[in-house]
Amino acid sequence: MLSYVKCKTGDKPPSNAVEAGFDDGPSYHARGVVNKMTIPGKVGVRSENDHRLVGACIPYGSAEHRIHRFEVLTVDDPSELTYERCVRTPLLNA
């Protein structure tokens, strides 16, 4: 089961956080509130050696907003996650 856990800048990521990539350390799926809307984004750690979360990056209005209170996506059983490669299809001309 997937769920969100409330976090803030400086916290350690939940042990069952869903990874979203790597940028000087792991990054995780996150969401946060910008302009009164909950929007998905990402959150990373300070460095590969310092696993405290930095502010979440939330895209909104042609900009990326750094927020310091956010939620991190977690999964109860990592084997439940499956990733599929996107298949490229030709664009249709309307």
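Everything below is about the structure printed above this text.
**Student:** Explain unusual backbone geometry here, please?
**Tutor:** The general pattern is negative phi for most residues beyond glycine and trans for most peptide bonds. Unusually for a residue other than glycine, D24 sits at a positive phi of about 65°. Its location among the elements puts D24 in the loop between β2 (19-22) and β3 (26-34). Even without a glycine there, the phi angle at N35 is positive, about 55°. Checked against the element boundaries, N35 lands in the loop between β3 and β4 (37-44). N35 gets classed as exposed once you look at its relative accessible area, which sits at 53%.

**Student:** In this structure, what is going on with the environment of R66? I would like to understand it.
**Tutor:** Within the element layout of this structure, R66 appears in strand β6 (residues 63-67). As for R66 and V54, which are separated by twelve residues in sequence, their C-alpha atoms are 8.8 Å apart. The residues touching R66, leaving out its near neighbours within four places in the chain, are V54, G55, A56 and C57. A polar contact is formed between the side chain of R66 and the backbone oxygen of G55, at a distance of 2.8 Å.

**Student:** Quick question: what am I supposed to make of the nonpolar core here?
**Tutor:** Ranked by internal contacts, the top residues of the largest apolar core, which has 14 residues, are Y28, V43, L53, A56, F70 and V72. Within the residue set of this core, elements represented by two or more residues are β3, β4, β5 (56-60) and β7 (69-75). Looking at which element gives the most residues to this core, the answer is β3, with three residues.

**Student:** What is the right way to look at the pattern of salt bridges in this model?
**Tutor:** Where charged atoms from two side chains of opposite charge approach closely, those side chains can pair. One pass over the structure, following the stated rule, counts three salt bridges. Note that R31 is salt-bridged to E71, the shortest N-O span being 2.5 Å. A residue pair is termed long-range when its members are at least 10 positions apart, and R31 in strand β3 and E71 in strand β7 qualify at 40 residues. The partner of R52 in a salt bridge is D50, with the nearest N and O atoms 2.7 Å apart.

**Student:** Mind showing me how you'd approach the packing of aromatic side chains here?
**Tutor:** This structure, assessed with the given rule, holds zero aromatic pairs. Over the face of the ring belonging to Y4 we find R31, whose NZ or CZ atom lies 3.7 Å from the ring centre.

**Student:** Where do I start with the side chain of S27 in this structure?
**Tutor:** Tracing the sequence through the fold places S27 in strand β3. When residues no more than four places from it in sequence are discounted, the contact partners of S27 are V18, E19, A20, G21, F22, V43 and G44.

**Student:** Explain the pairing of β5 to me, please; I cannot follow it from the model alone.
**Tutor:** Two faces, one strand: in a regular strand the side chains alternate between the faces of the sheet. In the sheet, β5 pairs with β6 via five bridges, with the strands oriented antiparallel. Bridge pairing in β6 links Y60 to A63.

**Student:** Please clarify how the state of the cysteines should be interpreted in this entry.
**Tutor:** When the sulfur atoms of two cysteines share a covalent bond, that bond is a disulfide. Counting across every chain of the model gives zero disulfides. Of the cysteine sulfurs around C57, a residue in no disulfide, the closest is that of C7, at 15 Å. The class of C57 is buried, set by a relative accessible area of 11%.

Reading guide: rules and limits
Residues numbered from 1 in each chain as written. Predicted model: local features only at pLDDT ≥ 70, side-chain atom pairs only at ≥ 80, totals over all residues. Heavy atoms only, no water. Helix = DSSP H or I, 4+ residues; strand = E, 2+ residues; numbered from the N terminus. Buried < 20%, exposed > 50% of the residue type's maximum accessible area, 1.4 Å probe, protein only. Contact = heavy atoms within 4.5 Å. Polar contact = N/O pair within 3.5 Å; in protein donor to acceptor, adjacent residues only side chain to side chain. Core = buried A, V, L, I, M, F, W, Y, C linked by side-chain atoms within 4.5 Å. Salt bridge = Lys/Arg side-chain N within 4 Å of Asp/Glu carboxyl O. Phe/Tyr/Trp six-rings, centres within 6.5 Å; stacked < 30°, edge-to-face > 60°. Lys NZ or Arg CZ within 6 Å of the ring centre and 35° of its normal. Pairing = 2+ DSSP bridges. Disulfide = S-S within 2.5 Å.

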